[in-house]
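# Results of the structural survey
Each chain, written out:
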Amino acid sequence: MEDNKHTNFSGKNKNHILFRYFIFVIAAIILGAMIAIYSFKTSVIDADKWTSRMPVKHECPERGKIFDNDLRILAKDSTLYTLRIDYRSERFNKDYFLKNVNSLSDSLAFYFPTKDSSEWSLHLTEPLSRNFPPRAHRVLTNLTKEQCHIFNNWEFNGRMGLYFEPKVKRYNISNNATVGRVSNDNGQMHGYSGIEGYFDYQLSGQIDPKHAIDGKDIYTTINWSLQEKVHSVLYDMLKLSEAEWGSAVVMDVKTGDILAINNLTIDSVSKDYTEIYNHAARNYEFGSLFKTIPMTIALEDKLVTDTAEIFEIGKSYAYAGGSPIYDAQYNSTLKVNDFLSISTNIGLVKLMERGYHNNPSQWVTRLEKTGFLKPLNTGIAGQHTPNIPSVTDDDKGRIEWSRQMLGYNVEVSPLALLAWYNAIANDGIYVRPRLVTNIKGNNSDSIISVSNISERLCSSENAAILRDILAKTVTGDKGTGRILRDNDIKVAGKTGTSYMYDKSKSGYDVNKKLLSFAGLLTAASAAELKM
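These figures come from a predicted structure and were not determined experimentally. For every chain, the first residue of the written sequence is number 1, and numbering continues from 1 along that sequence. Under the rules for a predicted model, residues below a pLDDT of 70 receive no local features and side-chain atom pairs below 80 are neither given nor counted, while totals for whole chains, interfaces and linings still include all residues. Hydrogen atoms and water are omitted, and side-chain values are computed over all heavy atoms in the structure.

### Things to note about the overall build of the protein chain
Helix and strand content of the protein chain: 16 helices and 20 strands. Put simply, the protein chain has 531 residues, and 43% of those count as buried. Accessible surface computed for the protein chain: about 29500 Å², of which carbon and sulfur atoms make up 52%. Numbering of helices and strands runs from the N terminus, with a helix taken as a DSSP run of H or I at least four residues long and a strand as a DSSP run of E at least two residues long. Remark: exposure states derive from per-residue accessible area (1.4 Å probe, protein chains only) relative to the maximum for the residue type, with buried under 20%, exposed over 50%, and partly exposed in between. Accessible surface is estimated by sampling points in the Shrake-Rupley manner with a 1.4 Å probe; for residues, cover comes only from the protein chains shown.

### Some points on helix H12 (residues 362-370)
Trp363, Val364, Arg366, Leu367 and Thr370 are the residues of H12 that are buried. Each buried residue of H12 sits inside an arc of 160° when the element is viewed along its axis, so together they form one side. Buried residues in H12 make contact with helix H9 (292-300), helix H11 (345-356), helix H13 (395-405), helix H14 (414-425), strand E15 (430-431) and strand E18 (452-454). One or two positions beyond H12, positive phi appears at glycine 371, with a value near 95°. The directions from the helix axis to the C-beta atoms are what the arc is built from. Contacts: residue pairs with any heavy atoms within 4.5 Å of one another.

### Structural notes on a nonpolar patch on the surface
On the surface, Tyr499, Tyr501, Tyr508 and Val510 cluster together into a nonpolar patch covering about 400 Å² of accessible area. Taken together, the elements giving at least two residues each to the nonpolar patch come down to strand E19 (491-502) and strand E20 (507-521). With respect to the element layout, tyrosine 501 can be found in strand E19. Every patch collects residues that have over 30% relative accessible area and no salt bridge, joining them within 9 Å if they carry like charges and within 5 Å if they are nonpolar side chains (Val, Leu, Ile, Met, Phe, Trp, Tyr). In what follows, salt bridge is the name for a side-chain nitrogen of Lys or Arg lying within 4 Å of a carboxyl oxygen of Asp or Glu.

### A word on the nonpolar core
Buried residues of nine kinds, namely Ala, Val, Leu, Ile, Met, Phe, Trp, Tyr and Cys, make up a nonpolar core once their side-chain atoms join them within 4.5 Å. Of all hydrophobic cores here, the largest spans 80 residues; its most connected members are Phe290, Leu351, Met352, Trp363 and Trp420. It is H14 that provides the largest number of residues to this core, a total of 10 residues. By size, the runner-up hydrophobic cluster in this structure holds 22 residues, among which are Trp120, Val139, Leu143 and Trp154.

### Concerning the packing of aromatic side chains
When we look at a pair of aromatic rings, we describe it by the centre distance and by the angle of the planes. Stacked, tilted and edge-to-face are the three classes assigned to paired rings of Phe, Tyr and Trp, where Trp is represented by its six-membered ring and a pair needs centres within 6.5 Å; plane angles under 30 degrees give stacked, over 60 edge-to-face, the rest tilted. The final tally for this structure, using the stated rule, is 21 aromatic pairs. Summarising the aromatic geometry, the rings of tyrosine 87 and phenylalanine 97 are spaced 5.8 Å apart at their centres and angled 80° between planes, so their arrangement reads as edge-to-face. Residue tyrosine 87 is found in the loop between strand E2 (73-85) and helix H3 (94-111), and its partner phenylalanine 97 is found in helix H3; the two are separated by 10 residues along the sequence. Relative accessible area serves as the criterion here: at 0%, phenylalanine 97 is assigned to the buried category. Taken together, the ring pairs connect Tyr317, Tyr319, Tyr356, Trp363 and Trp401 into an aromatic cluster. A ring is scored as having a charge over it whenever the NZ atom of a lysine or the CZ atom of an arginine sits within 6 Å of its centre and within 35 degrees of its normal. Here arginine 159 stacks its cationic end above the ring of tyrosine 96, 3.9 Å away from the centre of that ring. Of note, lysine 350 hangs over the ring of tyrosine 317, and the distance from its end group to the ring centre comes to 5.0 Å.

### So, the packing of H9 against helix H15 (residues 460-475)
Orientation of H9 relative to H15, taken along the N-to-C sense of each, is 140°, at an axis distance of 10 Å. The angle between H9 and H15 falls in the class oblique. The two elements H9 and H15 meet at a crossing, and its hand is right-handed. Note on element contacts: H15 touches H9 through Asn462, Ile465, Leu466 and Leu470, opposite Thr292, Met295, Thr296, Leu299 and Glu300. When grouped by side-chain class, the residues that make up the contact of H9 with H15 number five nonpolar, three polar and one charged. Axis lines are fitted through C-alpha atoms, for helices just across the contact stretch, and the angle between N-to-C directions can take any value from 0 to 180 degrees. The cut-offs work like this: below 35 degrees is roughly parallel, past 145 is roughly antiparallel, 65 to 115 is roughly perpendicular, and the gaps in between are oblique. Crossings are assigned a handedness: left-handed for a near helix turned anticlockwise from the far helix by less than a right angle, right-handed for a clockwise turn. Amino acids are sorted into nonpolar (Ala, Val, Leu, Ile, Met, Phe, Trp, Tyr, Cys and Pro), charged (Asp, Glu, Lys and Arg) and polar (every other residue, Gly among them).

### As for the pairing of strand E10 (residues 245-251)
When E10 meets strand E11 (residues 258-266), the two strands line up antiparallel, connected through seven bridges. Along E11, the bridge assignment pairs tryptophan 245 with threonine 265. Between E10 and the antiparallel strand that follows it, E11, lie six residues; glycine 256 among them carries a positive phi value of about 80°. A pair of strands is considered paired only if DSSP assigns at least 2 bridges between the two.

### Considering the pattern of salt bridges
The tally for this structure, following the rule as stated, stands at 16 salt bridges. Notably, a salt bridge pairs arginine 170 with aspartate 77, separated by 3.0 Å at the nearest N-O pair. Of this pair, arginine 170 sits in strand E4 (residues 162-172) while aspartate 77 is found in strand E2, placing the two residues 93 residues apart along the sequence. Note that arginine 135 and aspartate 86 form a salt bridge whose closest N and O atoms lie 3.0 Å from each other.

### Regarding unusual backbone geometry
Unlike most non-glycine residues, leucine 71 shows phi in positive territory, near 65°. One can find leucine 71 in the loop between strand E1 (66-67) and E2. You can call leucine 71 exposed: its relative accessible area is 58%. Of note in the backbone geometry, asparagine 409 takes a positive phi value of approximately 60° without being a glycine. Position of asparagine 409 relative to the elements: it lies in the loop between H13 and H14. By relative accessible area, which is 33% here, asparagine 409 ends up partly exposed.

Following this line, the structure appears as structure tokens:
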């Protein structure tokens, strides 16, 4: 009886085991099917969605080069290398390393004698005494690819633990502010000033999931030989005058090509002049240098038809009941063709009130018609446009307007002023300053042609009159630029002197002056200078 019970119990137990096994097998099959279906859905059906979420390590494109007009490189990428040792690499062999370290130290001392052989040996072996030897012990930095070849006989990524760490740097060969500066953003460089900033998109290239598309090259109008000469002259003049900063720009009359552009600022640490800010693209109050602009308008609008016309000048002129206007030197009378050379304030305001006394608010409108207030789009990031505040048609507005005639309460960049003076030299044709001629790369060549700000600033006849007036600045007995008089080189132009506005004091600093000169050469003198 007990045997039957035992037999029945064993049979039931066996059935239970088989049932549980059956359930397990079915569950395993279902789970496997679910995994297979999910895998198929993920890898085939939703492949694009998941691929887009995967982290992809991109190769950074090479930034385009910047060239001068003789194809000399002004800025380029350069890869430098750091030699390091990974003492915890899987392949690093301490016994092998110690056996060969003296030979490596001798080589380092020979090619890089900042340390002798024993000092190099200590530098290489000291990390082994630490509890956790470093994985990136620095041996040498800023190695060129050619210098890396010195170590060709040594085992890399192996028993010595040696490896090179590359780093791409941007080199502005001349440290020129107009060429510009770049910053490193997660391994990729981006320009934020100068040409580097203005053409950052073209220079940067593109990051593609499959490969990097290198940036395009920028070809500029800068003539490196002339650039160096202008730099030297500007540097010497700043040293002589103990100035805080200075800017010099040379522009071709017909094309508007900027052949040289230098900006030097005293460095607070080194106490020497270096390229820090692009002053040529920034706005300043230039004082008398601005006076050529209202004189041009006076001739074009026929406020004067005979430049030999005589004006009463005198000691002062309290225009519109404002504070009296004075001249630097007294003249009882002056001819209009002497207004710029002597730089009279009184005479210029008296001339210009013929056209704007009743409606000084129209002055800004008149300037807009010339194109003077438009962006130059020269190719320099952050370049300022002229700032000429509007005035009202009352005595308050008239007083403010009269100061604008003298170059105060107006902010203009050297490049904007240079374009105006260049138009006078170019028979009135108002050509745009050009800094870049071509953008090449990726099987394309974009040409930036010579263009005009407006078709014409003034008539060729008035441009000739203005050149004669500006020549007297240098040749006239009372000309403010007579120090530049030369028997061989004929120069015309205008000097400017103004006090610097101090925003912290909400007024002008009488201890600081901005001195300027805009000049033009005759065609014969320009040819002689080139020779």
